[in-house]
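Analysis of the macromolecular model
What follows is each chain in one-letter form.
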Amino acid sequence: MWRQAVLAVAAMSKENKGLLDQHLCPCIRSIFCLAPAQSRDSQHASLDAQVLLPFTASQQVARRRKAVGRIACLSRFVMPSSMLEVSHLRDGNFFLFQAKPLQFLGQLMGHLTLSCAEKDQEISCGAAEALRAVHGFILLREACYAAREDPKLRVEREGPSTFWAKEPADEAPVFGRFLFQTERTSFLLTVLRGIVHPRVSDVQLIASVLEAVLRYPCSELNKVEEVVWTIHAQLACVSQKPLKDILMKTLLQVALLYPQRVTTSLLQASPYCDSAARAMWSTLASEPCLGDDMLKMLLWVQQTIGRQCRIVGERSYCIFLAVARAMHEIFLLPSSRCCVQLLLEELFMAVVFQVSFGLSGPQQGCCSSGSQSREAECSPVHTLRSAVCATQALFYCLGGGASLVEDIGRQGAWDMLMSPETYHTGIAVLTRVLRREVPACCVAVSQEAVRGLLERQAYQDIGAMTVFVELLDCTDFEHVSSQVLHVVQLHLQSKSMVLRRMAITSLVTLSARPQEAVTLQGLLPAVLQRLQDDDGDVAAAALAVLGNVLCLEDRPRAVSIALQLVETLPPLFENESSCVQARSILLWRDAMEVAVSTHKEQMRKDMQRSLLPLFFHLHDKDDSVAQASRETLLGAAKFLKRRQLRKLLATEQTWRVSECLLVEGSSRAEEYLQQSLPYLQSPQEPLREAAVRFIGLAGRQLRDGRQEKLRVIYEALRGKANDSSLSVSSLAIQTLMILGATAQEPPSAFRLQALCYRLRRAWRRRTLAPGAGWLCCWSCVQS
């Protein structure tokens, strides 16, 4: 009963143990006073020693002396049979034994080692005597285990000196080679936790013993995470350099045995990478044989968490934050440059995805100092900042200094990475710099980008797509073509404008390659849909893709595509983007040339309908649109055999083209008038002028039986009498008067007053439209 009570007391909390140290209960005092003869039972001696262990760390020297002295006495009577267990029965009275671990042996050795390092000679000598006894027990256990094929041992009446090592050899190897996994771990944790105690003075002794325990490759541990956490906690609270050196050396030894487990344990111990963790990362990465394993493990952790986190949460941000800060510390070490070069493609994509992940959450307070609490640390803002710092450290490592980082900063890339609207541009800058500095890695980086695309993780889509587009000429599509194109097709329909732009941009490059263009047939419907995209850049790129495919496809397929384009493109002539206008007009011309050989009548009708829109765009302010319209109109005139029209276009007599269209197509005057009405609302003044002028000419042909149509046009022109442009409004008023006379409706006094007012203003400004004179002359002739 008293032994159970003592064990219960030993398991009490730290605060209660301090109280217990002052007021020892009678049952514990009895342990100190027992004569050796009363503790000759091996199991009881072991139990007594286990109970006394906490008192070896007492604040009172006297208590520690008694505890260590009693343990030294008890260690003489701990029978070796307590370290053996029965395996099976042989020949009657003989048993076969094998070694077994003792639960408290590691703690016993740890406390005794700490006691050996004390200044008090009585304590250190007593602890050394006890350790010598334990040394003999361990040697005996190992000898029995090694010879267990024929270890017939009589244990019925074993004496205390039966298996005693009379003059033990060097005790250090025993600690490292012959301890069981649980014993070694327990010993290590006990020493690491007690090393900062003020009673420990001989730190060199501690260092040598720790080194001996972890010296051999067979030194297995079963609680690596707890060991790393303990070292981190101790480094955070100690200031003495000798103790820090011992802790760092122990960390290195553990890492050499378990590099992957140490890496993950350190990530968990300090996801925010405090000063102690930074020192630990630097120490580990400075070891050449550890840097590669650590970086690979960090990459594996990030990829694993990235695949698992369907819903972005605080835990995911903490892990990404820990990985980013760990990589930052490793990249800054000159010794890690070789490892970085070997894993460059994976590391580059890793930091790109870290930036993307940091931007995947709400970005609030990006420019504020932020709270130092855990909740604030595990936020998208801190993750993003750490990712950008890790990226800077990576390029610092590549460039061998700060010059490359500063060069990227001058291009604005670091600032771009901090914004969801511009970070893809920053990634593009980084990719181009990487291509310039390390061209040999481009193919591997492109493959990593493709792998990132195929993983279909939302947070890494833009980053992977940006690198993919920048290194598209380095991508091998032989094995992944269909999969990549499927992802590109999905991005074409994305709600993200950035993804749509990059997807269509990649298709522009691919469609220019004959070997890849033939594989894009399945994407053409999606590309045709992008012609209606609100983003002019996407629509312009879609036109480029269709133009490339039209040129490279075989004849039957090209004709089919051309027929679709002839119907789809005319509305784009009025697009807000001048680039889309020019490209759509030229592509419409090319489509006509392809389809005309097999669909002449249909193409003739389509060309007739497009003559007037093309005529109006001859007056476009944008030179590229005007030139494209001229070329396309000339080709249409050639096909329609309109010689006069061809001559006027060739000699650039634009002002006479409208008359030519009406003369050669008088039967289409009403249709032309209907087509010209929308151009009265054009944002461009030259197009509105051309529309008013054309209506003035075409309206004369609506005299016979079409007065109602003329009235509709008249009402449309009345709105232009107050046009913001003086030349357009003056021309509109004159046209209204002419059409009114044609419709036998004399102009009202109001219209005459308005005309006089406008003419006076025009005369003063000398800005009367050059083409208005013919209307005045014609009006006088008619009157």
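Quick caveat: nothing in here was measured; it's all calculated off a predicted structure.

**Some remarks on the environment of Leu-332**
Within the fold, Leu-332 resides in the loop between α16 (314-331) and α17 (337-342). When its relative accessible area of 37% is taken as the criterion, Leu-332 is described as partly exposed. Between the alpha carbons of Leu-332 and Gln-392 there is a distance of 9.6 Å; along the sequence they are 60 residues apart. If we ignore the near neighbours within four places in the chain, the residues touching Leu-332 are Ala-393 and Tyr-396.

**Remarks on unusual backbone geometry**
Outside of glycine, negative phi angles account for most residues, and trans bonds account for most peptide bonds. Backbone geometry places Lys-641, a non-glycine residue, at a positive phi of 60°. Relative to the helices and strands, Lys-641 is located in the loop between α34 (623-640) and α35 (643-650). Residue Lys-641 is classed as exposed on the basis of its relative accessible area of 70%. The backbone phi angle of Glu-652 is positive, close to 60°, even though this residue is not glycine. Tracing the sequence through the fold places Glu-652 in the loop between α35 and α36 (657-664).

**Digging into the packing of aromatic side chains**
Using the criterion set out here, one finds eleven aromatic pairs in the structure. Pairing Phe-357 with Tyr-459 gives two aromatic rings, centres 5.2 Å apart and planes at 90°, and the pair type is edge-to-face. Of the two residues, Phe-357 is situated in helix α18 (residues 344-358) and Tyr-459 in the loop between α24 (442-455) and α25 (461-470); the sequence distance between them amounts to 102 residues. A residue is classified by how much of its surface remains accessible, and Phe-357, at 0% relative accessible area, is buried.

**Section: the nonpolar core**
With 228 residues, the main nonpolar core has Trp-281, Phe-348, Phe-395, Phe-468 and Leu-507 as its most contacted residues. Not counting the four nearest positions on each side in its chain, Trp-281 is found in contact with Thr-263, Leu-266, Leu-267, Cys-273, Met-294, Leu-298, Ala-326, Glu-329 and Ile-330.

**Describing a positive patch on the surface**
Taken together, the side chains of Lys-600, Arg-604, Lys-638, Lys-641, Arg-643 and Arg-646 define a basic patch exposed on the protein surface. Listing elements by their share of the positive patch, those giving two or more residues are α33 (600-616) and α35. Its location among the elements puts Arg-604 in helix α33. Accessibility expressed as a relative area gives 32% for Arg-604, which makes it partly exposed.

**With respect to α35**
An α-helix turns once every 3.6 residues. As a result, residues three or four positions apart point the same way. Of all the positions in α35, only Leu-645, Leu-648 and Leu-649 are classed as buried. For α35, the angular spread of buried residues about the axis comes to 95°, placing them on one side. Facing away from the buried side of α35 by over 90 degrees, the exposed positions are Arg-643, Lys-647 and Ala-650.

**Examining α25**
For α25, the buried fraction is high: nine of the ten residues fall into the buried class. Three or more residues of α25 are buried, namely Asp-461, Ile-462, Gly-463, Ala-464, Met-465, Thr-466, Val-467, Phe-468 and Val-469. Its buried side turned inward, α25 meets α18, α23 (423-437), α24, α26 (481-492) and α27 (497-511).

**A few points about the confidence of the model for the chain**
Averaged over all residues, the pLDDT of the chain equals 77, while 74% of them reach at least 70. Confidence drops under pLDDT 50 across residues 766-783; counting only partners more than four residues distant or on other chains, this segment forms 23 contacts.

**Focus on the environment of Thr-651**
You can see Thr-651 is positioned in the loop between α35 and α36. Within the structure, the side chain of Thr-651 is placed 2.8 Å from the backbone oxygen of Lys-647, a separation counted as a polar contact.

**Notes on the packing of α27 against helix α30 (residues 536-552)**
It is the contact of α27 with α30, at a shortest axis distance of 9 Å, that shows an interaxial angle of 20°. Between α27 and α30, the angle is such that the two are roughly parallel. Regarding α27 and α30, the two cross each other, and that crossing is left-handed. Mapping the contact onto sequence places Arg-500, Arg-501, Ile-504, Leu-507, Val-508 and Ser-511 in α27 and Asp-537, Val-538, Ala-541, Ala-542, Ala-544, Val-545, Asn-548, Val-549 and Leu-552 in α30. Here the contact of α27 with α30 is composed, by residue class, of ten nonpolar, two polar and three charged.

**Remarks on the pattern of salt bridges**
By the definition in use, this model includes 23 salt bridges. Put simply, Arg-261 and Glu-225 hold a salt bridge, and the shortest N to O gap is 3.7 Å. Taken as a pair, Arg-261 in helix α13 (residues 259-269) and Glu-225 in helix α11 (residues 224-237) lie far apart in primary sequence, 36 residues in all. Residue class for Arg-261 comes out partly exposed when judged on its relative accessible area of 28%. For Glu-225, a relative accessible area of 26% gives the class partly exposed. Note that Asp-292 is salt-bridged to Lys-296, the shortest N-O span being 3.1 Å. Of the two residues, Asp-292 and Lys-296 are both situated in helix α15 (residues 288-308); the distance of four residues between them amounts to about one turn of the helix. Assessed through its relative accessible area of 45%, Lys-296 is described here as partly exposed. Linked by salt bridges that have partners in common, Asp-407, Arg-410, Arg-436 and Glu-437 make up one network.

**Side note on the environment of Glu-652**
By relative accessible area, which is 52% here, Glu-652 ends up exposed. A sequence separation of 34 residues divides Glu-652 from Leu-618, and the C-alpha atoms of the two residues are 9.9 Å apart.

**Thoughts on the packing of α18 against α25**
With their axes 8 Å apart at the nearest point, α18 and α25 run at an angle of 135° to one another. On the basis of their axis angle, the class for α18 and α25 is oblique. Here α18 and α25 pass one another in a crossing that is right-handed. Note on element contacts: α25 touches α18 through Gly-463, Ala-464 and Val-467, opposite Phe-348, Met-349, Val-352, Phe-353 and Ser-356. Grouping the constituent residues of the contact of α18 with α25 by class yields six nonpolar, two polar and no charged.

Reading guide: rules and limits
Residues numbered from 1 in each chain as written. Predicted model: local features only at pLDDT ≥ 70, side-chain atom pairs only at ≥ 80, totals over all residues. Heavy atoms only, no water. Helix = DSSP H or I, 4+ residues; strand = E, 2+ residues; numbered from the N terminus. Buried < 20%, exposed > 50% of the residue type's maximum accessible area, 1.4 Å probe, protein only. Contact = heavy atoms within 4.5 Å. Phe/Tyr/Trp six-rings, centres within 6.5 Å; stacked < 30°, edge-to-face > 60°. Core = buried A, V, L, I, M, F, W, Y, C linked by side-chain atoms within 4.5 Å. Patch = residues over 30% accessible without salt bridge, like charges linked within 9 Å, V, L, I, M, F, W, Y side chains within 5 Å. Areas by Shrake-Rupley, 256 points an atom, 1.4 Å probe, with all protein chains shown as cover. Salt bridge = Lys/Arg side-chain N within 4 Å of Asp/Glu carboxyl O. Lys, Arg positive; Asp, Glu negative; His and termini not counted. Charge placed at Lys NZ, Arg CZ, Asp CG, Glu CD. Arc of directions from axis to C-beta. pLDDT = per-residue confidence, 0-100. Polar contact = N/O pair within 3.5 Å; in protein donor to acceptor, adjacent residues only side chain to side chain. Axes fitted to C-alpha atoms, helices over the stretch in contact; angles between N-to-C directions. Parallel < 35°, antiparallel > 145°, perpendicular 65-115°, else oblique. Left-handed = near helix turned anticlockwise from the far one by under 90°. Nonpolar A, V, L, I, M, F, W, Y, C, P; charged D, E, K, R; others polar.

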